[in-house]
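# Structural overview
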Amino acid sequence: YFDALPPAGLVGDIAQYTLDSAPRPNKAFALMTGLMTVSLISRNQYAVEGFNTRLNLYALGVGPTASGKEQPRKVMSDLAWRVDMAEHCRDGAASGSALIKSLADAEQHVLSLWIDEVWDLLFSINSGQGSVHAKQLGATLMSLYGLADKTFSGRIYSDRKENVEPIKNPYLVFGGATTPQRFADVLSSTQVADGFLNRLLVFNSGEFSPIQLPKVTQPPPKLIAALGQVMKAN
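Let us look at the structure shown here. Only a predicted model underlies this, so the values are computations on that prediction, with no experimental measurement involved. (Residues numbered from 1 in each chain as written. Predicted model: local features only at pLDDT ≥ 70, side-chain atom pairs only at ≥ 80, totals over all residues. Heavy atoms only, no water.)

To continue, consider unusual backbone geometry. The backbone of Arg43 sits at a positive phi, close to 50°, despite the residue not being glycine. Inspection of the secondary structure puts Arg43 in the loop between helix H2 (27-41) and strand E1 (47-48). Accessibility expressed as a relative area gives 13% for Arg43, which makes it buried. (Helix = DSSP H or I, 4+ residues; strand = E, 2+ residues; numbered from the N terminus. Buried < 20%, exposed > 50% of the residue type's maximum accessible area, 1.4 Å probe, protein only.)

Take the sheet that holds strand E9 (residues 200-204) next. Overall, parallel pairing links the five strands, which are arranged E4-E5-E8-E3-E9 in an open sheet. If you trace the sheet from one side to the other, it starts and ends with strand E4 (89-91) and E9, each paired once. On average, adjacent strands in this sheet sit at an angle of 15° to one another, irrespective of strand direction. The sheet contact formed by E4 and strand E5 (residues 110-115) spans three bridges and is parallel. For Arg90, the partnering residue across the bridge sits in E5 and is Leu113. Sheet contacts for helix H4 (residues 96-105): E5 and strand E8 (171-178); angle to E5, the most-contacted strand, approximately 145°. Taken strand by strand, helix H6 (residues 132-144) contacts strand E3 (58-62), E5 and E8, and its axis lies near 135° from that of E8. (Pairing = 2+ DSSP bridges. Axes fitted to C-alpha atoms, helices over the stretch in contact; angles between N-to-C directions. Contact = heavy atoms within 4.5 Å.)

With respect to the helices, strands and loops of the structure, Ser39 is situated in helix H2. Ser39 sits in the buried class, given a relative accessible area of 1%. If near-sequence neighbours (up to four positions away) are discounted, Ser39 is found in contact with Leu55, Asn56, Leu57, Tyr171 and Val173.

Let us look at the packing of aromatic side chains. The full count for this structure, using the stated rule, is two aromatic pairs. Ring centres of Tyr58 and Phe174 lie 5.5 Å apart, and the angle between their planes is 65°; on these two criteria the pair is classed as edge-to-face. Taken together, the residues span a long stretch of sequence, with Tyr58 in strand E3 and Phe174 in strand E8 at a distance of 116 residues. Assigned by exposure class, Tyr58 and Phe174 land together as buried. An aromatic cluster of at least three residues, connected via ring pairs, comprises Tyr58, Tyr145 and Phe174. Cation over ring: Arg182 sits above Trp119, and NZ or CZ is 3.9 Å from the ring centre. (Phe/Tyr/Trp six-rings, centres within 6.5 Å; stacked < 30°, edge-to-face > 60°. Lys NZ or Arg CZ within 6 Å of the ring centre and 35° of its normal.)

Rolled over the atoms, a probe as big as a water molecule pinpoints where empty space is left. In total, this model carries two cavities of 30 Å³ or more according to the counting rule given. Within this model, the second largest cavity holds a volume of roughly 30 Å³. Taken together, Thr18, Ala22, Arg24, Asn26, Phe29, Gly68 and Gln71 make up the full set of residues lining the second largest cavity. Considering only residue class, the lining of the second largest cavity consists of two nonpolar, four polar and one charged. (1 Å grid on protein atoms, 1.4 Å probe; cavity = no way out; pocket = protein on both sides within 12 Å on 5 of 7 lines; lining within 4 Å. Points joined across faces, edges and corners; volume = space filled by probe spheres on them. Nonpolar A, V, L, I, M, F, W, Y, C, P; charged D, E, K, R; others polar.)

The next subject is the nonpolar core. Judged by nonpolar contacts, the single largest core of 33 residues is most densely connected at Met36, Leu40, Leu79, Met85 and Leu227. Top element by residues in this core is H2. It accounts for eight residues. For Met36, the residues in contact, after removing those within four places along its chain, are Leu57, Ala59, Met76, Trp114, Val173, Phe174 and Gly175. Residues Val62, Ala106, Ala134 and Ile167 belong to the second largest nonpolar core, which totals 30 residues. (Core = buried A, V, L, I, M, F, W, Y, C linked by side-chain atoms within 4.5 Å.)

Pasting the structure below:
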């Protein structure tokens, strides 16, 4: 649970704009928005010095209905659109193979994927139940994690038209949302042991504010300019 002022820098500026523009301000989800947006906009152009760890991340917002957990998707998509990266944002995927094809076709192999009510995906990953679609998509997400400086070789299908060429440096930013009860329902030792939950940064809404009129409706020009500067990295 995040209960502090937004951090300094671009992440903090995005977090503050998220709070100011939200009908239901929430500090945890504002921080999530800042991290996911910078992760996407950086387009695999940065790495943590000394570790070569790339900035793509998987994030999960957990909060009750009407707590504002959709705000990260809305703000990130809007800011991406304002710097000509709207085509890199996707809301949902029909299957794991569809995600791979979209990532392969995306410029610089950069893509963000948001799944609302992600509990079905979490439930299906390590369960004998759940949908085949969600199970395949979950397996694909696990396979892509940590490959931003490597190569995704892909699967071989009986129908060669389904095959995708290896993807060099696939850069996926994943975000999702669910309620505390749904999240508790899918938690298991298998989920932790098999590593998918370990890949997620979980943002818990905690107590959230009452509905209010947003303080702003448009992002500050300085914020858009700063995002543009990040995109100019070589």
